[in-house]
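Secondary and tertiary structure notes
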Amino acid sequence: MAGRKALSIKTIVAIGIGSALFVILGRFGSIPSGIPNTNIETTYALLALFALLYGPAAGLLIGLIGHTLKDAILYGSPWFSWVIASAIAGLIIGLLTRTIAIHDGEFGKKEIIRFNLAQIAANAVAWFIAAPLLDIAIYAEPANKVFTQGLIAGAANMVAAGVIGTLLAIAYAKTRTKQGSLTKEA
Amino acid sequence: MRATMLAYTNHDSGIHRLTGAAKLIFFAVWSVSAMITYDTRCLLVLFLFSLFAFKISKVQFQDYAFVLYLILIFFVLNHIAIFLFSPLEGVRIYGTRHDVVHIAGRYTLTWEQLFYQFNIALKYAVVIPMALLFLMTTDPSEFSASLNRVGFNYKIAYSVSLALRYIPDIQRDYENISFSAQARGIDISRKEKLPRRLKNIILILMPLILTSIERIDKISTAMELRGFGQKEKRTWYRARPFARNDYIAIGIIAGIAVLTAWITFYDGSRYYNIFK
């Protein structure tokens, strides 16, 4: 069955733990950026990293479950347009970084550039397009307000995923043993 | 530590006794209905109904007071933002214009805008009490069982269950790591400059995420050894069969959904216009 392969046990657990991390970082892990009312959310660095490590299904579901739980537990009610946008961001990053073999310790310059292009593309689609359009469709909010909010949030998330996500991925790659790293002694 | 998150409250009330699945269905349909309608009359009735549900749930005010304050702040900011960005949105929607007072420049307060923002406020007021109530009256383990019951794949339901199970653990890890980092002078507040702040947050995130990845490996190995995912279905310890009240609750919400949809759309517009 195809469905069974897509959701391996490891992916299921990664979704669970990733969503729990999403909630905790959403609660404690936002850092003021210096611009009023705009925080750099470390959750989006986490989302990018987990999408890179565990694939598009994990990215999609961590975005969906993690963001829903975070909103529900912290604010009492999920803001569905942004929940869906998070899921889209996770999915796209996962899809575009599928061929990066980070589990084999491969995360050099080439992979860093690919990871960042993927996260910029994903965040752009999610926050510049999907989130504002869904805000208008679901909540009927004024267009210029939601597009401004989307622009700010998207830019902040790109910074979070680009700086923090990249550094975390490099650190993770260092903990893995590279393929073919053993040398035969003469 | 003072409670800063919503949690399950263990009281004995009619709402607590409903099965998780019935509450989940009720809440989902309720949210969709409230999202769709902009009809003031429907929203007012729904709001009164949600207050009534709160009343019979026996949930204490102090259990959710802090969340309520957070919501109120967000709520006020959002309303100010809507007005700042689009002071005449109401005029655009209702197609008429009755000025109240001219403020400055393009900012004129109109009755239409007030009515539009009143409707947005009502929408929040309808959804939020039900969401709070759902969270505070549903046992987390029963919640995953009910997700499976309403049709989600049990693997996804299990992911949600894992997330709920590990939120307290990860919160404790985060606090331990961040306190020990602070003891060594690593600051992530406004007092540090931005590049330094980013560097410091990485010093906290790194151990947290690396231990979490290790934890994922451990849990998935344990689940694999116990044969998780071998069968098409699984049973849940906390699953309960539907009782009479569950059917009544689902009947009520079906009625509400149909009525709001009908009242909202029978004149062809999502908005209830008092200015015509």
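On a predicted model such as this, the values are computed, not experimentally measured, just so you know. The residue count restarts for each chain, going from 1 along the sequence in the order it is written. For this description, chains carry letters from A and ligands carry numbers from 1, given in the order in which they are written. With the structure being a predicted model, the display of local features is reserved for residues of pLDDT at least 70 and the display and counting of side-chain atom pairs for 80 or more, all residues being used for whole-chain, interface and lining totals. Side-chain figures throughout are based on the complete set of non-hydrogen atoms in the structure, without hydrogens or water.

Some details on the overall build of chain B
Rules: Every helix listed is a DSSP run of H or I at least four residues long, and every strand listed is a run of E at least two residues long, numbered separately from the N terminus. Our radius of gyration is a C-alpha quantity, and the globule rule it is checked against amounts to 2.2 Å times the number of residues to the power 0.38.
Helix and strand counts for chain B stand at 10 helices and 2 strands. Put simply, chain B runs from its N terminus to its C terminus through helices and strands in the order α-α-α-α-α-β-β-α-α-α-α-α. For 276 residues, the compact-globule formula gives about 19 Å, and the C-alpha radius of gyration of chain B, at 24 Å, lies well above that figure. Taking the principal axes of the C-alpha coordinates as reference, chain B spans close to 65 × 60 × 35 Å.

Considering the confidence of the model for chain B
Residue and element names in this part refer to chain B. Note the cut-off: Values of pLDDT, the confidence the predictor places in each residue, fall between 0 and 100.
Counting all residues, the mean pLDDT for chain B is 87, and 99% of those residues have values of 70 or more. Of all helices and strands in chain B, the one with the weakest mean pLDDT is strand β1 (residues 99–104) (84), whereas helix α10 (residues 244–265) scores best (91). Among the scores for the predicted complex, ipTM is 0.86 and pTM is 0.82.

Re the packing of aromatic side chains
Using the following cut-off: Planes of paired rings set the category: under 30 degrees apart is stacked, over 60 is edge-to-face and the rest tilted, where pairs are Phe, Tyr or Trp rings (Trp by its six-membered ring) whose centres lie within 6.5 Å. Partly exposed describes any residue whose relative accessible area lies between the buried limit of under 20% and the exposed limit of over 50%, with all areas from a 1.4 Å probe on protein chains only and scaled to the type maximum.
Within the structure shown, the criterion is met by 28 aromatic pairs over all chains. Taking the centre distance of 5.3 Å and the plane angle of 15 degrees together, the rings of Phe28(A) and Tyr174(B) count as stacked. On the criterion of chain membership, the pair formed by Phe28(A) in helix α2 (residues 9–28) and Tyr174(B) in helix α8 (residues 154–183) is interchain, its members lying in two chains. Summarising the burial analysis for this pair, Phe28(A) and Tyr174(B) share the class buried. A network of ring pairs unites the aromatic residues Tyr38(B), Tyr94(B), Phe115(B), Phe118(B), Tyr271(B) and Phe275(B) as a single cluster.

What to know about the interface of chain B and chain A
Selection rule: We call two residues in contact when some of their heavy atoms are within 4.5 Å. Buried area adds together the accessible area that both of two parts lose upon being put together, with accessible area traced by a 1.4 Å probe. For this document, the term salt bridge refers to a Lys or Arg side-chain nitrogen within 4 Å of an Asp or Glu carboxyl oxygen. When residues are sorted by character, Ala, Val, Leu, Ile, Met, Phe, Trp, Tyr, Cys and Pro go into the nonpolar class, Asp, Glu, Lys and Arg into the charged class, and all the rest, Gly among them, into the polar class.
Tallying the contact residues gives 62 residues for chain B and 59 residues for chain A. Of the roughly 5500 Å² buried where chain B meets chain A, counting both sides, 77% is carbon and sulfur surface. Remark: the boundary between chain B and chain A carries 1 salt bridge. Contributing elements (two or more residues each) for the side of chain B that touches chain A: α4 (65–85), α6 (111–137), α8 and α9 (194–225) of chain B. Classifying every residue of the side of chain B that touches chain A by side-chain character gives 42 nonpolar, 9 polar and 11 charged.

Points about the nonpolar core
In plain terms, the rule: Side-chain atoms within 4.5 Å link the members of a nonpolar core, which is a set of buried Ala, Val, Leu, Ile, Met, Phe, Trp, Tyr and Cys residues.
Ranked by internal contacts, the top residues of the largest apolar core, which has 131 residues, are Phe50(A) and Ile102(A). Here the element with the most residues in this core is α6(B); it accounts for 15 residues. Aside from chain neighbours lying at most four places away, what touches Phe50(A) is Ala14(A), Gly18(A), Leu21(A), Gly55(A), Ile62(A), Ile209(B), Ile213(B) and Ile216(B).

Side note on helix α2 (residues 20–36) of chain B
As a reminder of what qualifies: By definition here, a helix of n residues has an expected span of 1.5 Å times n minus one.
The end-to-end C-alpha distance of α2(B), which contains 17 residues, comes to 24 Å, matching closely the 24 Å that a straight helix rising 1.5 Å per residue would cover. Among the 17 residues in α2(B), 12 count as buried, and that is most of the element.

As for the UniProt feature "transmembrane region" (unreviewed entry) in chain A
What counts is decided by this rule: UniProt positions are given in the numbering used here, feature names are shortened, and annotations may be inferred rather than shown by experiment.
As annotated in UniProt, the feature "transmembrane region" (unreviewed entry) corresponds to residues 6–25, 46–67, 79–96, 117–139 and 151–173 of chain A in the numbering used here. With 94% helix and 0% strand, residues 79–96 of chain A has end C-alpha atoms that lie 26 Å from one another.

Concerning unusual backbone geometry
Residues and elements named next belong to chain B. For Lys58, which is not a glycine, the phi torsion comes out positive at approximately 65 degrees. You can see Lys58 is positioned in the loop between α3 (40–57) and α4. Classification of Lys58 by relative accessible area gives partly exposed; the value is 48%.

Things to note about a nonpolar patch on the surface
All names here are of chain B. Stated precisely, the cut-off is as follows: A patch consists of residues exposed above 30% relative accessible area that lack any salt bridge, with like charges linked at up to 9 Å and nonpolar side chains (Val, Leu, Ile, Met, Phe, Trp, Tyr) linked at up to 5 Å. Computed with a 1.4 Å probe, the accessible areas rest on the Shrake-Rupley method; for each residue, only the protein chains presented here act as cover.
Residues Val100, Val101, Ile103, Trp111 and Leu114 make up a contiguous nonpolar surface patch of about 450 Å² in total accessible area. Elements represented by at least two residues in the nonpolar patch include exactly β1 and α6. Per-element tally for the nonpolar patch: the top contributor is β1, with 3 residues. When you line up the elements, Ile103 lands in strand β1.

A closer look at the side chain of Ser19(A)
Summarising the element assignment, Ser19(A) is placed in helix α2. By relative accessible area, which is 0% here, Ser19(A) ends up buried. What Ser19(A) contacts, discounting residues up to four positions off in sequence, is Ala14(A), Leu61(A), Ile62(A), Ile65(A), Gly66(A) and Ala163(B).

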